[in-house]
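# Summary of structural features
What follows is each chain in one-letter form.
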Amino acid sequence: MSDDAIITPTESNSAWAERTGTRQYLGHNARGAEVRVGMGPGEFSPGELLKIALATCNTLSADHRLANALGEDFEANVICATLKNEEEERYSALDVQVVTDLSGLTGDQLATLTQRVEAAIERGCTVGHTLDKGAEVRLHLLDDRPEDVD
C-alpha cells in the first residue's frame, strides 16, 4: 500500500462517528451499536474507550479458558487502569485486571489457568497486539461534496 492510499471502509473493517455537538460524537458500527463519545455526562472519552477495548479484548479472547476453569456462568469484571505521561499526552502503561472468584482453584490450577489465559490473549487479542507492536496512524481530510460540484 502506498503512503497516501486510503483504506476502503467496509462493514467489517470500520466504525464511524457523527458529530452531534461541540466535542460530542455518536459512534456506530455495522451491527447497529452506538456509543456516545465526548467529555460530558453519559459519554465515554476516547481514552476510556481504548481502555475498555483492551480490557474486553483480553477477556473475550480468554473467555472460553475462564469458563472451562470457573464454570460457564462465572461472574467477572475487567478493569483497565493506566499511567499517563502528561507531557507526551499518552498512556505509558496499561494494566488489565480480571476480577473474579478464584477461591475454588488450587495454586497449581490457578497457575495453569493464568498460563492458558495469557496464551489465549496472545493468540487472539487484536487490540493488545496493536498496542504492543504499534500501527501506522494516518489522517485523511475528505470533501463530502459530490465531485461534479463546481
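So, here's what we can say about the structure.

About the thresholds
- Residues numbered from 1 in each chain as written.
- Predicted model: local features only at pLDDT ≥ 70, side-chain atom pairs only at ≥ 80, totals over all residues.
- Heavy atoms only, no water.
- Helix = DSSP H or I, 4+ residues; strand = E, 2+ residues; numbered from the N terminus.
- Salt bridge = Lys/Arg side-chain N within 4 Å of Asp/Glu carboxyl O.
- Buried < 20%, exposed > 50% of the residue type's maximum accessible area, 1.4 Å probe, protein only.
- Patch = residues over 30% accessible without salt bridge, like charges linked within 9 Å, V, L, I, M, F, W, Y side chains within 5 Å.
- Areas by Shrake-Rupley, 256 points an atom, 1.4 Å probe, with all protein chains shown as cover.
- Lys, Arg positive; Asp, Glu negative; His and termini not counted.
- Charge placed at Lys NZ, Arg CZ, Asp CG, Glu CD.
- Expected span 1.5 Å × (residues − 1).
- Arc of directions from axis to C-beta.
- Core = buried A, V, L, I, M, F, W, Y, C linked by side-chain atoms within 4.5 Å.
- Contact = heavy atoms within 4.5 Å.
- Pairing = 2+ DSSP bridges.

On to the environment of Glu11. Relative to the helices and strands, Glu11 resides in the segment before β1 (16–21). For Glu11 and Cys80, which are 69 residues apart along the polypeptide, the C-alpha to C-alpha distance reads 27 Å.

Our next topic: the pattern of salt bridges. Scanning the model with the defined rule gives 4 salt bridges in all. Arg36 is the salt-bridge partner of Glu43, the closest N and O atoms lying 4.0 Å from each other. Residue classification places Glu43 among the buried residues on the basis of a relative accessible area of 12%. Taking relative accessible area as the criterion, Arg36 reaches 43% and is therefore assigned partly exposed. Ionic pairing is found between Glu88 and Arg90, a salt bridge with its closest N-O pair at 2.6 Å. Taking relative accessible area as the criterion, Glu88 reaches 49% and is therefore assigned partly exposed. For Arg90, a relative accessible area of 40% corresponds to the partly exposed category.

With that settled, consider a negative patch on the surface. On the surface, Asp63, Glu72, Asp73 and Glu75 cluster together into a patch of negative charge. Assignment of secondary structure puts Glu75 in the loop between α1 (46–70) and β4 (76–85).

Before going further, it helps to examine helix α2 (residues 107–124). When the terminal C-alpha atoms of α2 are compared, their 26 Å separation across 18 residues agrees well with the 26 Å that a helix rising 1.5 Å per residue should span. Among the residues making up α2, those that are buried are Leu113, Val117, Ala120 and Ile121. Seen end-on, α2 carries its buried residues on one side only, within an arc spanning 95°. For α2, exposure combined with an orientation more than 90 degrees from the buried face picks out Gly107, Asp108, Gln115, Glu118 and Arg123.

On to the nonpolar core. The biggest cluster of nonpolar side chains holds 11 residues, and these are Cys57, Ala62, Leu66, Ala67, Phe74, Leu105, Leu113, Val117, Ala120, Ile121 and Cys125. Only α1 and α2 provide two or more residues apiece to this core. If we ignore the near neighbours within four places in the chain, the residues touching Phe74 are Asp63, Leu66, Ala67 and Thr100.

Turning to the pairing of strand β2 (residues 24–28), a few remarks are in order. Pairing of β1 with β2, which is carried by 5 bridges, proceeds in the antiparallel orientation. Its bridge partner being in β2, Glu18 is matched across the sheet by Leu26. With antiparallel pairing between neighbouring strands as the criterion, β1 and β2 make up a hairpin whose turn holds 2 residues, including Arg23 at a positive phi of roughly 55°. In this sheet, strand β3 (residues 34–38) lies alongside β2 in antiparallel orientation, the contact comprising 5 bridges. Considered in β3, the bridge of Gly27 is made with Val35. As consecutive antiparallel partners, β2 and β3 are separated by 5 residues, and within that stretch Gly32 has a phi angle of approximately 90°, a positive value.

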